[in-house]
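Below are the chains, spelled out letter by letter.
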Amino acid sequence: MTQIIEACESKTNTTPDFPMGWYSVARSHELQVGEVKRVHAFDRELALYRTRSGVPVLQDAFCPHLGAHLGVEGKVVGESLRCPFHGWRFDTTGKCVEIPYCEEIPERARIRMWPTQEKNGEVYIWFHPENSAPRFELPTLVELDDEHWTAPRYAEFEVPAHVQDIAENSCDPVHFQYVHRQAHTPESTVTVDDDGRILHLRSDMRDTDHPNQLHAKVFQPGLAMVRTTYAPEAQMMVYNSAQPIDRNTTLLRWTLTVRREIEDLAGDEVMKGIIEGLSQDYPIWANKVHKHRPVFCREDKTLVQFRKWVRQFYVDVRDIT
Ligand code: FES
Ligand SMILES: [Fe+2]
């Protein structure tokens, strides 16, 4: 019998498109009133600014006139953005509202806007490959407004991997043993809410210095909350939101808050631990390919569940199967 072995894969030929969802493009405190920034996300150039009334706005970068980048030297004027090249001004709906040297504004003088929301101390945009409106809500990180929890600690990490492959890690308990040097593979279950939307991973981390229960809620590839409970009042929350830069590069934004009771004990240590953990994943991510059709063994149940769940975030499932 002939054995069929898949052809050698390159780093790019099987990488899927970006899954639909909400992705962070900045921390709120990094975008002051009147500030303009260039953003590279989804392999596109974008312009981000905050209007005088405080609203974050995200739009395509290139001016419909002669193509100047509005995120570089563009100026906020009230609730609009002025192009640095010839002064055309665009409002928050993307419509050109002023050409300083011409009374008549061409009908086609508009710019594509992206649905934007500010929450959890971050600015998010909604990505959909066919530009459809948001299909689901952003989660709320309630601990950020709760006095029993500390002020957030932040970390950013740029990873040379596709956003889906990074998310897959949350359903991969075996790699804890091999990559993160834990004594055993933690006992883990993966469940999906009745409506199919949110995936939960629960792990019982017994064999560590500080035994704990971990509950990761994955809202979409690139958006997850992880609660770790050591004792009722010894808990921490890690929130991870991603900015896909291109198909092989993802910027991860981590937000950590812990119960005040354990801040001195765990606050900085945990942050260090997260960075250390990511550094262990890094060489795997940086050198792996995206496996279109992985060969799974019988015990890879949680990975199979992840692959089924993730299909809903693609318009064309041929992209990922
Ligand atoms: S390129 Fe923007 S106004 Fe001319
Ligand atoms: Fe990992």
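Residues numbered from 1 in each chain as written. Chains lettered and ligands numbered in written order. Predicted model: local features only at pLDDT ≥ 70, side-chain atom pairs only at ≥ 80, totals over all residues.

Caption draft 1: Inspection of the domain arrangement of the protein chain at higher detail. For the protein chain, the assigned domains read domain 1 (21–127) and domain 2 (142–319). One C-alpha centre belongs to domain 1, the other to domain 2; they are set 32 Å apart. Counting residues at the interface gives 13 residues for domain 1 and 18 residues for domain 2. Listing elements by their share of the side of domain 1 that touches domain 2, those giving two or more residues are β1 (21–27) and β2 (36–41). Considering each element in turn, the side of domain 1 that touches domain 2 owes the most residues, six residues, to β1. Considered class by class, the residues forming the side of domain 1 that touches domain 2 number five nonpolar, five polar and three charged. (Domains from an automatic or database assignment. Contact = placed C-beta atoms within 7 Å. Helix = DSSP H or I, 4+ residues; strand = E, 2+ residues; numbered from the N terminus. Nonpolar A, V, L, I, M, F, W, Y, C, P; charged D, E, K, R; others polar.)

Caption draft 2: A look at the pairing of strand β15 (residues 223–231). In this structure, strand β14 (residues 212–220) lies alongside β15, joined through seven bridges in antiparallel fashion. Within β15, the residue paired with Leu-214 across the bridge is Thr-228. Hairpin connection between β14 and β15: a loop of two residues separates the two successive antiparallel strands, and Gly-222 in this loop has a positive phi of roughly 95°. As paired strands, β15 and strand β16 (residues 234–246) are joined by eight bridges and run antiparallel to one another. For Arg-227, the partnering residue across the bridge sits in β16 and is Met-237. Joining the antiparallel neighbours β15 and β16 is a turn of two residues. (Pairing = 2+ DSSP bridges.)

Caption draft 3: Here's a closer look at the sheet that holds β2. With antiparallel pairing, the three strands of this open sheet are ordered in space as β2-β3-β4. The two strands at the open ends of the sheet, each matched to only one other strand, are β2 and β4 (56–60). Across this sheet, the average inter-strand angle for adjacent strands is 30°, counted without regard to direction. Sheet topology places β2 next to strand β3 (residues 44–50); six bridges connect them, and they run antiparallel. Residue pairing in the sheet places Val-39 in a bridge with Leu-46 of β3. (Axes fitted to C-alpha atoms, helices over the stretch in contact; angles between N-to-C directions.)

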